[in-house]
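Okay, here's what each chain looks like letter by letter:
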Amino acid sequence: MSTKIKQRLNRILLWGLIVVMAFWMLFPFYWAVNSSFKSEGMLAMTPTTFVPRDPDTGTLYFYLRNYEAVFTNQAFLRAIGNSLIVATATTLLSLAIGSFAGFALGKLRYRGKTATLYIILAMTMFPAIAVLTGLYAIITELKIPPLLSMIFTYMLFTLPFTAWVLTAFFRELPTEIFQSAQVDGASPLQTFYLILLPLTAPAMVTTGLLAFIGAWNEYLFALTFTSIAPDARTLPVIIANFPSQFSRQIPFGEIMAGGVVSSIPLVLLVFIFQRRIVAGLTAGAVKG
Amino acid sequence: MAKRGHGDLAAQEQRLAYGLLAPTFVVLLAIAIYPLFSVFYNSFTNNVFASATPTEVVGFENYRRLLSLTIQVVPPKLDDAGQPVVDGESGEVKYESAVSILPREPLRFRPVNQFTLFGTRYVLGATDPAFVLAVWDTVLFGVATVFLELALGIVVALLVNTNFKGRGLMRALILVPWAIPTAVSSQMWAYMLQPNRTGFFNTLFWHLGFGNGEIPFLSDPAWQLPSMILIDVWKTTPFMALLLLAGLQLIPADLYEAADVDGAGPVRKFFQLTLPLLRGTIAVALVFRTLDALRVFDLFQIVLGQARYSMASFTYYELIQNRQMGYSSASSVVIFVVLSIFAVAYMRGLGVKSDEH
């Protein structure tokens, strides 16, 4: 009897903690959604309201102008395009280049392998801020356009990570596949293209997702390299320095609407690919 | 013949490996190694971006300006009779102004902080108080966030490692703070921390009878760092929890069964079984998170701007706002060195062997 009560208590405690945790994780995002449906007058109400309410009647009221403003804001629309271009290009480039390296590091025998592995691992922790001034100097010297600058420099964090995680996946593939293909007369490169690459497709999806999210969210380089090129700004830069249509105060309603819009693709990715993202994140840090 | 063929194959494989690695290393050379060297070189020059002044090598001048510290005794104010002046109301001794004590030549020192030790008043002076404070704040921020994230991360990891209905959904849910762009989450929190009751936190505290509903979370220096820490803990605990979860899943279940047979309670199981077996994972997670926390940029730049710097946002403003290429390069180098020290210290202190990776 008493163990039954104890079990029930444990259950209640567990669910209590789960509810608290879920609330803590989601509440700020809920607050952004809530605020994005408020007009400037509604945002100025004190005390603030937990759902959008009409200031006069106090009834539930969704104000949609913020979203309208965001989707007619040229800077914001351009930023969506820029973010898509930069994140996609960086991801594809990192996957292409990183899979070569991953194959060599994971499956081939050559002199200096340990050293190269260590270099790649060290590079996954490389602080971008340390080379900011150097990269900025090169980019302005060579007059590289900002979008291209971002695509290349984002590889500073996507490429070592991609190579590192793919190395782990290549290593886990059974060597027999590789050997039997060689016995059949396939060159290592053919083996790579025809046999190993299709097998690593799931790993590519995982690392690709993480590279994409990392590039989509990047702020330091984007802010620096577009400081005199407003047309090339990506979503994080626009959200952080929101250009208001009617510049009165900080347009928090529009910022929240813009923030919700730029987060939704990521939230969807997270819910669809939860397992893969978790696997990739932990492979990058723990395994290898 | 066969032997030679084998040797050829090995040589071929090696050539292929180098060929496949070449693109990665060329890219990293171009965007990491070369810029790093140029930053090192620039840190010894007086390079000002887009300026007519010719760039000269100035040796350690930038570092001297960044890092010079001094501690001086602040003498009490004396009246005509040579007695210390005492404030009539509070009864406290009045001191000379700190600025007048600090050296001006060859570099001008400004006060960072004043403190009293064994009855003597001291002033800590620096040639660039903003940078010294940025380093101090960043390290404080790093230590506090990583510690809190580790503690909360273990709780979250243990929770989502338990069997319950909807566990998969919960695991996806804790990824939400991690996935939201930092630019967005910074703005979200900045709005929740508004200095009046339009903000969520001021409304909440006011309802709880704490504060007057007008706490300036982001402009009062006493509240700034705690606010930054709160935001970062929300954003990054999920990442920590996922790393720890991966470690938890590596612990064989029969160890727990054996502990059950021995009649160990949950608390004892946690401290004598889970925690020691999680050591390696915790070490790796700490290294990753500390390196991440010490280079914090987005959060500080977006929420506090130039009101208070992290090491990274200081560097950014020196480069973009003040166009001080040489000076900001020197601060980049300092960040690089600080990060390296932390990385090595952690690896050593926690006994992570390199072959564990």
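Below you will find a few notes about this structure. As the structure is a computational prediction, the values presented were derived from the model and not from experiment. (Residues numbered from 1 in each chain as written. Chains lettered and ligands numbered in written order. Predicted model: local features only at pLDDT ≥ 70, side-chain atom pairs only at ≥ 80, totals over all residues.)

Another aspect to go through is the overall build of chain A. On a plain count of helices and strands, chain A comes out with 15 helices and 0 strands. Over its C-alpha atoms chain A spans a radius of gyration of 24 Å, topping by over 25% the 19 Å that the globule rule assigns to 288 residues. Reported as C-alpha extents along the three principal axes, the dimensions of chain A are approximately 80 × 75 × 30 Å. A buried classification covers 45% of the 288 residues belonging to chain A. A separation threshold of at least 6 residues defines the contact pool for chain A, and within that pool the share at least 24 residues apart is 76%. (Helix = DSSP H or I, 4+ residues; strand = E, 2+ residues; numbered from the N terminus. Rg over C-alpha atoms; globule rule 2.2 N^0.38 Å. Buried ≥ 20, exposed ≤ 12 C-beta atoms within 10 Å, placed from the backbone. Contact = placed C-beta atoms within 7 Å.)

Our focus in this paragraph is the environment of A:F76. Residue and element names in this part refer to chain A. Along the polypeptide, F76 turns up in helix α4 (residues 74–107). The exposure class assigned to F76 is buried, which follows from the 22 C-beta atoms found within 10 Å. Through-space distance from the C-alpha of F76 to that of S262 is 9.9 Å; in sequence the pair is 186 residues apart. Residues contacting F76, with those up to four places away along its chain left out, are V70, I238 and G258.

Moving on, we get to the packing of helix α5 (residues 113–124) of chain A against helix α8 (residues 155–172) of chain A. Residues and elements named next belong to chain A. Axis separation between α5 and α8 bottoms out at 8 Å; the angle between their running directions is 130°. The angle between α5 and α8 falls in the class oblique. Viewed along their axes, α5 and α8 form a crossing whose handedness is left-handed. Residues I120, L121, M123 and T124 of α5 touch α8, and the partners they reach there are P160, F161, A163 and W164. Of the residues in the contact of α5 with α8, the class split is 7 nonpolar, 1 polar and no charged. (Axes fitted to C-alpha atoms, helices over the stretch in contact; angles between N-to-C directions. Parallel < 35°, antiparallel > 145°, perpendicular 65-115°, else oblique. Left-handed = near helix turned anticlockwise from the far one by under 90°. Nonpolar A, V, L, I, M, F, W, Y, C, P; charged D, E, K, R; others polar.)

Here we take up helix α1 (residues 2–36) of chain A. Residues and elements named next belong to chain A. Between its first and last C-alpha, α1 extends 50 Å over 35 residues, near the 51 Å set by a 1.5 Å rise per residue. Of all the bends in α1, the greatest, near 45°, is centred on L26, and the proline P28 appears no more than four residues after it. Taken as a whole, α1 has its buried residues at M21, M25, P28, A32, S35 and S36. (Expected span 1.5 Å × (residues − 1). Bend = angle between axes of the 7 residues up to and from the residue.)

All names here are of chain B. The 3 strands are arranged β1-β3-β2 in an open sheet whose pairing can be described as antiparallel. Where the open sheet ends on each side, the last strands, each with one partner, are β1 (69–74) and β2 (110–117). Looking at each pair of strands side by side, their axes are set apart by 25° on average, direction ignored. Direction of pairing for β1 relative to strand β3 (residues 120–126): antiparallel, over a ladder of 6 bridges. Across the sheet, the residue bridging to I71 is L124, located in β3. In this fold helix α4 (residues 129–161) packs onto β1, β2 and β3, with an angle of close to 60° to the strand it touches most, β2. (Pairing = 2+ DSSP bridges.)

Moving on to unusual backbone geometry. Even without being glycine, A:K143 reaches a positive phi, approximately 55°. Relative to the elements of secondary structure, A:K143 occurs in the loop between α6 (132–142) and α7 (146–153). We note that B:R323 has phi near 55°; this positive angle belongs to a residue other than glycine.

All names here are of chain B. Tracing the backbone shows V155 in helix α4. Overall, V155 belongs to the partly exposed group, with 14 C-beta atoms counted inside 10 Å. A sequence separation of 142 residues divides V155 from F297, and the C-alpha atoms of the two residues are 27 Å apart.

Grouped together as the largest cluster of nonpolar side chains are 162 residues, with contacts concentrated most on A:A104 and A:Y154. With near-sequence residues (within four places) excluded, A:Y154 lies in contact with A:V86, A:T90, A:A215, A:E218 and A:F221. (Core = buried A, V, L, I, M, F, W, Y, C linked by C-beta atoms within 7 Å.)

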